[in-house]
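What the coordinates show
Residues per chain are reported as follows:
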Amino acid sequence: MSNHAAYILGSYLVAALILGGLVIASLGARRKVRRELAARGLAPRGQDRRR
């Protein structure tokens with residue numbers, strides 16, 4: 001593998017790790033907000049069931 005290919009592969013790996021972390025953080029925040037809204041009785045209609 002040439003130096004250029006290693007750089008490109010590394011860049012893709014870093015980008016994938018960052019995007020994966022952002023997805024995990026977003027889902028965690030979403031879950032937290034849904035729990036808080038449900039505790040206050042503000043859950044949207046049809047969203048009473050847990051996922």
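One can find the structure itself at the top, above this paragraph.
For clarity, every value in this text was computed on a predicted model and none was experimentally measured. Position numbers for residues start from 1 in each chain and track the written sequence from start to end. Local features in this predicted model are restricted to residues whose pLDDT is 70 or higher, and side-chain atom pairs enter the listing and the counts only when it is 80 or higher, whereas totals over whole chains, interfaces and linings include all residues. Only hydrogens and water are set aside when side-chain values are computed; all heavy atoms of the structure are taken into account.

Brief notes about the overall build of the protein chain
What counts, and what does not: Helix and strand assignments follow DSSP, with helices taken as H or I runs no shorter than four residues and strands as E runs no shorter than two, numbered in order from the N terminus. When a residue's accessible area, from a 1.4 Å probe over protein chains only, is under 20% of the maximum for its type it is buried; when over 50% it is exposed; and in between it is partly exposed. Working definition of accessibility: Shrake-Rupley area with a 1.4 Å probe, residue cover restricted to the visible protein chains.
The number of helices and strands found in the protein chain is one helix and zero strands. The buried share of the protein chain, reckoned over its 51 residues, is 0%. Split by element, the accessible area of the protein chain, about 5000 Å² in all, is 62% carbon and sulfur.

Here we look at a positive patch on the surface
Quick note on the threshold: A patch consists of residues whose relative accessible area exceeds 30% and which take part in no salt bridge; residues with like charges are grouped when within 9 Å of each other, and nonpolar side chains (Val, Leu, Ile, Met, Phe, Trp, Tyr) when within 5 Å. Each salt bridge in this description consists of a side-chain nitrogen of Lys or Arg and a carboxyl oxygen of Asp or Glu lying within 4 Å of one another. By the counting rule applied here, Lys and Arg register as positive and Asp and Glu as negative, while His and the ends of each chain are not counted. Where a charge lies is defined by one atom per residue type, namely NZ (Lys), CZ (Arg), CG (Asp) and CD (Glu).
A surface patch of like charges, here positive, comprises Arg 30, Arg 31, Lys 32, Arg 34 and Arg 35. Mapped onto the secondary structure, Lys 32 falls in helix H1 (residues 3-39).

Notes on a nonpolar patch on the surface
A surface patch of nonpolar side chains, about 390 Å² in accessible area, is lined by Val 14, Ile 18, Leu 19 and Leu 22. With respect to the secondary-structure elements, Val 14 resides in helix H1. Judged by relative accessible area, which is 48%, Val 14 ranks as partly exposed.

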